[in-house]
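Listed below, chain by chain, are the residues.
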Amino acid sequence: MSQGKPLLFDGAMGTCFAALSGRGSERCELANRDHPEEITAIHKSYLDAGCRAITTNTFSVGADLAAGDGDLARELIAAGCRLAKEAAAGYEDAFIFAGMGPAPQDTPLFPTQIYQRQADLFLDQGMTCFLVETLSSDDGISELARYLKERCPDAFLLVSYAVDASGFTRAGLRGEQLFRRTADLAEVDAVGFNCVSGPHHLLQFIRTLDLTGVTLSVMPNAGYPTVLGHRAVFQGQPEYFAQQLVQIVQAGAAIVGGCCGTTPVHMARAAEALAHPLPPAVPARDAAPAQVGGDAANSLWDKLEAGKRVIAVELDPPVDDDSAAFLEGVRALGDAGADAVTIADCPIGRSRADSSLLACKIKRELGVEPLPHMTCRDRNLNATKALLLGLSMEGVHNVLLVTGDPIPTENRDEVKSVFNFNSRKLARYVSGLNETTLRTPFRIYGALNLNARNFAQQLKMAQEKEECGVSGFLTQPVLSAEALENLKLARETLRGKILAGIFPVISHRNACFLNNEIAGTRVCDEIIALYEGKDRAEAEDLAVAISAEIGRQTAPLLRRLLSHDALPPCGADDPDHPGTAIRKR
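Nothing here was measured: the structure is a model prediction, and the numbers come from that model.

K.L.:
Would you explain the nonpolar core in this entry?
P.N.:
Soluble, globular proteins show a tendency: their nonpolar side chains are buried together. If you look at the biggest cluster of nonpolar residues, it comprises 78 residues, and the most contacted ones within it are Leu8, Phe130 and Phe193. Core analysis: the next-biggest nonpolar cluster, separate from the first, contains 68 residues, Leu333, Val341, Leu438 and Val478 among them.

Structure (structure tokens):
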């Protein structure tokens, strides 16, 4: 397609449209219907600038399909194709690409369905070149590629991922892995990267890739935005952008273009720079090899690997800044022979002391092996990476990744939950850091709810977690025959280490509270009946006896035990059992 020269794509339709008077708050794709002359003018401005490929103004139409509005999707795609064709008329050798953005998540339709339905609508308009861009995962891409080539063998498919400066997508996936998997698909003609990063960081990133046999595409942002008023403004200069594109071509890109913030002026400068013979490439300076995979001691994992019995005790962090009672509890547990202390991350969605800071504190001051919980709630990938780097520096190399409880209903007017990813995506991200960044890798643990009504689904999710790098599981408490059977099934199914949950129920009221108010926990009727009429001392003796019996029954299966809150930490969710809230995983 490029005939020895790089194929130059257009820049950002959305940026140009938003810059028009009165258009800043309008959805760009609706302009295909409402302001067609403006969209045609933007297409032409890029072609006049020297671009040889333009993309239809249809980036977000997949959201309409996902929402069930097929008529609107059909209308916008038909209009978008018509306007691009009208704009390209008279421009020799101009290519028009059908533009598709990432398939929306958490919708009734799977990504495969959304992509294939868009492909059908574009094929109906006679389109044969396709760009699927700004992706954070490759969900549905292989299926789309096969489907597209079956319907149109001459179709050209370009797939483009969005990675940050560290080479990860918003879904926590390594861009290098996505690139290689996609490049290995016979039905994909070109693969590359766009958006999120400026040209310098994408240049540095592609220099780390093996480009053998790959048609590489790179379409960076103009730079990084600043917020002026209520608008994100890109201040990257056209001349600098053009110089960087030259280096990107020298590094192996056969297709280049612009993403957010790039205007016709940026692309005109790029066309001018790429029209001349390129200067000799400046060799990239070899970076010092990352020292990953160190051999720092990890007593918890070493003991698990040796097949020895492991006892880990889960504690809730303090609700205030007084850590004395918490640390005294940890010290007592260490003296009693506990192998690790796991620390909840704001259980029940209520603020407590930070679990990771406490983990560092007990590792440094008490020498006890910590296993901090890390929830997906309220942390994006940047904050997560920063926290993991700090934990590793402090010698904390075990982490339990959980989705986390939502904010309690009564607090949602003041405090909002933010979930950027789930525990599987987070595990995949940490696994990527293990391979590329960390001197000593984390051992990643996940949660396994033995009390789930649909335990088959729980097992499936656990297997997906293992595929994402989870090497061990902590279960919810075993307090019923069903949970014990599910534990046996998990042991037969999963590869990872399993720590079985034991929870000392210390009163009839406590048992009822757990059954009714703590998700993921079930106390069977037989155990509840044993507590009826017992005073506190009798109930505590019964709790020890039941817990010991559960330990006896689970030990032959696993020889690894997890005790939830063997010592009551600070705080109280139930007056009969201070601080014994079981976490929802």
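K.L.:
So what exactly am I meant to see when it comes to the sheet that holds strand 1 (residues 7-8) here?
P.N.:
Where strands meet in a sheet, backbone hydrogen bonds hold them as pairs that are either parallel or antiparallel. The strand order across the open sheet built from eight strands is 1-10-7-6-5-4-3-2, with neighbouring strands paired in parallel fashion. Strands at the two margins of the open sheet, each flanked by one partner only, are strand 1 and strand 2 (53-55). Sheet topology places strand 1 next to strand 10 (residues 253-256); two bridges connect them, and they run parallel. When the sheet's bridge partners are listed, Leu7 is paired in strand 10 with Ile255.

K.L.:
Sorry, what's going on with helix 5 (residues 70-88) here?
P.N.:
Since the α-helix turns once every 3.6 residues, residues separated by three or four places project in the same direction. With 19 residues, helix 5 should reach 27 Å at 1.5 Å per residue; the first-to-last C-alpha distance of 27 Å fits that figure. Three or more residues of helix 5 are buried, namely Leu72, Ala73, Leu76, Ile77, Ala79, Gly80, Cys81, Leu83, Ala84, Ala87 and Ala88. The inward-facing, buried residues of helix 5 abut helix 2 (31-34), helix 3 (36-48), strand 2, helix 4 (61-66), strand 3 (95-100) and helix 6 (111-124). With its phi angle positive at about 95°, Gly90 sits one or two positions after the end of helix 5.

K.L.:
Is there a simple way to think about the side chain of Thr475 in this case?
P.N.:
Its place among the elements puts Thr475 in strand 16 (residues 472-477). Judged by its relative accessible area of 0%, Thr475 falls in the buried class.

K.L.:
How should I be thinking about the packing of aromatic side chains in this particular structure?
P.N.:
Aromatic rings in a pair are described by how distant their centres are and how their planes are angled relative to each other. Tallied over the entire structure, the rule returns seven aromatic pairs. Both rings, one in Trp301 and one in Tyr445, keep their centres 6.4 Å apart while their planes meet at 70°; by these two values the pair is edge-to-face. Here the residue Trp301 occupies a position in helix 12 (residues 299-305), and Tyr445 occupies one in strand 15 (residues 443-448), the gap between them amounting to 144 residues. When the ring centre of Trp301 is taken as reference, the NZ or CZ atom of Lys497 above it lies at 5.7 Å.

K.L.:
Would you mind showing me how to read the environment of Ile343 here?
P.N.:
The topology assignment puts Ile343 in strand 12 (residues 340-343). Along the backbone, Ile343 and Asp354 are 11 residues apart, and their C-alpha atoms lie at a distance of 9.1 Å. Beyond its immediate stretch of four places on either side in the chain, Ile343 contacts Leu315, Pro317, Phe326, Ser355, Leu358, Ala359, Ile362, Leu371, Pro372 and His373.

K.L.:
I would appreciate a short explanation of the packing of helix 3 against helix 5 in the present structure.
P.N.:
A pair of packed helices is captured by two measures, namely the crossing angle of their axes and the spacing between those axes. Across the interface, helix 3 lies against helix 5 with an axial gap of 9 Å and an inter-helix angle of 45°. It follows from the interaxial angle that helix 3 and helix 5 lie oblique. For the pair helix 3 and helix 5, the crossing hand works out as right-handed. Taken together, the residues of helix 5 that come into contact with helix 3 (itself represented by Pro36, Ile39, Thr40, His43, Lys44 and Leu47) are Leu83, Ala84, Glu86, Ala87 and Ala88. Its residues assigned to classes, the contact of helix 3 with helix 5 comprises seven nonpolar, two polar and two charged.

Conventions we followed
Residues numbered from 1 in each chain as written. Predicted model: local features only at pLDDT ≥ 70, side-chain atom pairs only at ≥ 80, totals over all residues. Heavy atoms only, no water. Core = buried A, V, L, I, M, F, W, Y, C linked by side-chain atoms within 4.5 Å. Buried < 20%, exposed > 50% of the residue type's maximum accessible area, 1.4 Å probe, protein only. Pairing = 2+ DSSP bridges. Helix = DSSP H or I, 4+ residues; strand = E, 2+ residues; numbered from the N terminus. Expected span 1.5 Å × (residues − 1). Contact = heavy atoms within 4.5 Å. Phe/Tyr/Trp six-rings, centres within 6.5 Å; stacked < 30°, edge-to-face > 60°. Lys NZ or Arg CZ within 6 Å of the ring centre and 35° of its normal. Axes fitted to C-alpha atoms, helices over the stretch in contact; angles between N-to-C directions. Parallel < 35°, antiparallel > 145°, perpendicular 65-115°, else oblique. Left-handed = near helix turned anticlockwise from the far one by under 90°. Nonpolar A, V, L, I, M, F, W, Y, C, P; charged D, E, K, R; others polar.

Coordinates in, geometry out; function isn't part of it.
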